[in-house]
Amino acid sequence: MIQTFFEQHYYLIGLISFLLGLILMPIVIRIAKAKGFVVRPNKRMSHEGEVPNIGGLNICISFILTYLLFNPTEPNHFFFIGLFSIMVIGFIDDVLVLRPMAKLFGETLAGIALIGFSNLRITHLHGLFGINEIGIIPSYLLSLFILLAIINAINLIDGVDGLASGLGIIYCLFFSIYFGLAGETTWSILGVCMIGVLTVFFIYNVFGRKDKIFMGDSGSLLLGYLMTAFVFHFCEINAYSAVPEALHMSAAPAVAICVLTVPIFDTIRVSITRIKKHRSPFEPDKNHIHHLLLRTGLNHFQTTCVLLTASLLFIGLGILGRNWNMWLLMLADFGLATALTLVLWRIINKKMATNAHD
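This structure is a prediction, so every number in the text was calculated from the model and none was measured.

Definitions and cut-offs
- Residues numbered from 1 in each chain as written.
- Predicted model: local features only at pLDDT ≥ 70, side-chain atom pairs only at ≥ 80, totals over all residues.
- Heavy atoms only, no water.
- Helix = DSSP H or I, 4+ residues; strand = E, 2+ residues; numbered from the N terminus.
- Rg over C-alpha atoms; globule rule 2.2 N^0.38 Å.
- Buried < 20%, exposed > 50% of the residue type's maximum accessible area, 1.4 Å probe, protein only.
- Contact = heavy atoms within 4.5 Å.
- Areas by Shrake-Rupley, 256 points an atom, 1.4 Å probe, with all protein chains shown as cover.
- Lys, Arg positive; Asp, Glu negative; His and termini not counted.
- Charge placed at Lys NZ, Arg CZ, Asp CG, Glu CD.
- Axes fitted to C-alpha atoms, helices over the stretch in contact; angles between N-to-C directions.
- Parallel < 35°, antiparallel > 145°, perpendicular 65-115°, else oblique.
- Left-handed = near helix turned anticlockwise from the far one by under 90°.
- Nonpolar A, V, L, I, M, F, W, Y, C, P; charged D, E, K, R; others polar.
- Phe/Tyr/Trp six-rings, centres within 6.5 Å; stacked < 30°, edge-to-face > 60°.
- Core = buried A, V, L, I, M, F, W, Y, C linked by side-chain atoms within 4.5 Å.
- Polar contact = N/O pair within 3.5 Å; in protein donor to acceptor, adjacent residues only side chain to side chain.
- Patch = residues over 30% accessible without salt bridge, like charges linked within 9 Å, V, L, I, M, F, W, Y side chains within 5 Å.
- Salt bridge = Lys/Arg side-chain N within 4 Å of Asp/Glu carboxyl O.

*Asks:* So what exactly am I meant to see when it comes to the overall build of the protein chain here?
*Replies:* In terms of helices and strands, the protein chain carries 14 helices and 2 strands. A globule of 358 residues ought to have a C-alpha radius of gyration of about 21 Å, and the protein chain, at 20 Å, matches this closely. Taken over the C-alpha atoms alone, the protein chain extends approximately 60 × 50 × 35 Å along its principal axes. Across the 358 residues of the protein chain, 52% fall into the buried class. Within the protein chain, counting contacts between residues at least 6 apart in sequence, those at least 24 apart form 73% of the total. Element-wise, carbon and sulfur atoms account for 68% of the exposed surface of the protein chain, whose accessible area totals about 16,800 Å². Distance between charge centres in the protein chain, computed from 23 positive and 20 negative side chains, equals 12 Å.

*Asks:* Please clarify how the packing of helix H7 (residues 163–181) against helix H8 (residues 185–207) should be interpreted in this entry.
*Replies:* When two helices pack together, you describe them by how their axes are tilted relative to each other and by the distance separating the axes. Where H7 contacts H8, the two axes come as close as 8 Å, and the packing angle between them is 155°. Viewed along their axes, H7 and H8 adopt a mutual orientation that is roughly antiparallel. The element H7 and its partner H8 pack so that their crossing is left-handed. Taken together, the residues of H8 that come into contact with H7 (itself represented by Ser165, Gly166, Gly168, Ile169, Cys172, Leu173, Ser176, Phe179 and Gly180) are Thr185, Trp187, Ser188, Gly191, Val192, Met194, Ile195, Leu198, Thr199, Phe201 and Phe202. Along the lines of polarity and charge, the residues of the contact of H7 with H8 split into 11 nonpolar, 9 polar and no charged.

*Asks:* When you look at the environment of His290 in this model, what are you seeing that I'm missing?
*Replies:* Within the secondary structure, His290 sits in helix H12 (residues 289–295). Taking the relative accessible area as the measure of exposure, His290 reaches 1% and is therefore buried. Taking C-alpha positions, His290 is 38 Å from Glu133, a pair spaced 157 residues apart along the chain. Residues contacting His290, with those up to four places away along its chain left out, are Leu156, Ile157, Gly159, Val160, Leu163, Thr303 and Leu307.

*Asks:* Quick question: what am I supposed to make of the packing of aromatic side chains here?
*Replies:* Aromatic ring pairs: the centre-centre distance and the angle between the two ring planes describe each pair. Under the counting rule described, the total for this entry stands at 20 aromatic pairs. Here the aromatic rings of Phe79 and Phe80 are separated by 5.0 Å at their centres, their planes lie at 85°, and the arrangement is edge-to-face. Residue Phe80 is classed as buried on the basis of its relative accessible area of 11%. Among the aromatic side chains, those forming a connected cluster through ring pairs are Tyr67, Phe79, Phe80, Phe174, Phe175, Tyr178, Phe179, Trp187, Tyr225, Phe230 and Phe234.

*Asks:* When you look at the nonpolar core in this model, what are you seeing that I'm missing?
*Replies:* As a rule of thumb, nonpolar side chains are buried together in soluble globular proteins. In this structure, Phe63, Phe79, Met194, Met227, Phe230 and Phe234 are the most contacted members of the largest nonpolar core, which totals 103 residues. In terms of residues, this core owes the most to one element, H8, which gives 14 residues. Excluding anything up to four places from it in sequence, Met194 contacts Ile59, Phe63, Cys172, Leu222, Leu223 and Leu226.

*Asks:* Could you clarify how one ought to interpret the side chain of Lys103 in this entry?
*Replies:* The residue Lys103 is located in helix H5 (residues 100–117) in this model. Separated by 2.9 Å, the side chains of Lys103 and Asn155 make a polar contact. Side chain to side chain, Lys103 and Asp217 meet in a polar contact 2.8 Å long. When near neighbours in sequence (up to four residues on either side) are disregarded, Lys103 contacts Ile89, Asp93, Leu98, Asn155, Asp217 and Leu221.

*Asks:* What exactly am I supposed to notice about a nonpolar patch on the surface here?
*Replies:* Taken together, the side chains of Phe105, Leu109, Ile112 and Phe117 present a nonpolar region at the surface, about 420 Å² in accessible area. Note that Phe105 resides in helix H5. Residue Phe105 is classed as exposed on the basis of its relative accessible area of 54%.

*Asks:* What is the right way to read the pattern of salt bridges from this model?
*Replies:* Pairing between side chains becomes possible if they bear opposite charge and their charged atoms approach one another. One pass over the structure, following the stated rule, counts 6 salt bridges. In this structure, the salt-bridge partner of Asp93 is Lys103, at a minimum N-O distance of 3.3 Å. Of the two residues, Asp93 sits in helix H4 (residues 77–96) while Lys103 sits in helix H5, which places them 10 residues apart along the sequence. Grouping residues by exposure puts Asp93 and Lys103 together as buried. The shortest N-O distance in the salt bridge between Lys212 and Asp161 comes to 2.8 Å. Residue Lys212 is found in the loop between H8 and helix H9 (216–239), and its partner Asp161 is found in the loop between helix H6 (136–157) and H7; the two are separated by 51 residues along the sequence. Taking relative accessible area as the criterion, Lys212 reaches 12% and is therefore assigned buried. Within the structure, one salt-bridge network assembled from shared partners comprises Asp93, Lys103 and Asp217.

*Asks:* Looking at this model, I keep getting lost on the packing of helix H3 (residues 55–70) against H9. Mind explaining?
*Replies:* The contact between H3 and H9 brings their axes to 7 Å, and the two run at 40°. The orientation of H3 relative to H9 falls into the category oblique. Together, Gly56, Leu57, Ile59, Cys60 and Phe63 of H3 and Ser218, Gly219, Leu222 and Leu226 of H9 make up the contact between the two elements.

*Asks:* What exactly am I supposed to notice about the environment of Val306 here?
*Replies:* Topologically, Val306 is positioned in helix H13 (residues 300–320). Look at Val306 and you get partly exposed, because its relative accessible area is 37%. Placed 143 residues apart in sequence, Val306 and Leu163 show a C-alpha to C-alpha distance of 9.8 Å.

Distances and angles like these do not, on their own, reveal function.
Set out below in structure tokens:
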């Protein structure tokens, strides 16, 4: 009876997730400092002192425990095996710093759990290139590519305080509301559970002083994994009209791209820039969108607020164009992202010219 009540008022589950994360966070911080799981100041970071970098551990534990309290049967256990596995891969990378290919291999193993064993994958292209349903091998390969792309895009955008967690909250809120309205209670609860614990992390990450903590790869990879699962399910239920007609989105894949525009567009832009300079796309630099905003004089929190606002703008575009031609919506989305980036570069160049003149 209690479980039924919470399923009918599943937003309260987010409160429980928040409280559990709030209880566990000080424990995780103490363990991190005692074991040396911290990030020390360096030339690529602006923080002071040693900051714990295993926030993903609290996110993972609080998320899984809360969810299993209310819906222990769906999705199947392979979904959570993959979720836990990718958190472990991220944790190892935070502690030991894995080579890019080793990290990619670990992400692929987690992807196999999601795509191969949980059977959460893309099976329909919504008429893109004139293709609807696709065979099982193309489905596996395409789904794995999308998973790796989303996971690494969110991993790369995690560069200033509150950005990855703030984007995660917005994304989970979008999918939770949509799944809830569509009668997909299980999936809505998944999103609500993550919103609660991400809110705890956001508070500690942005406003913490002595108790500040970073998400680390353990958190960003886990978040990318969950977002991929949401995107797959979102596209599939729209492909097969498993939602009320008023909620159906014929351009669902393009809408999903709009939702994730900030990390996806930034990753594509940065990768192209690195390749043009004959550098590895995996080589870190300070050319990400948050770095550019910092160069305009904004601080971390202001940068995060700008990108969260931009993300809401792109989501609004996706909702507006949910039944447009997919190519048109993607063109509008990337066109808007390109235009905003050009405006940003103009502001940076103007600021540099002013400083040089002074």
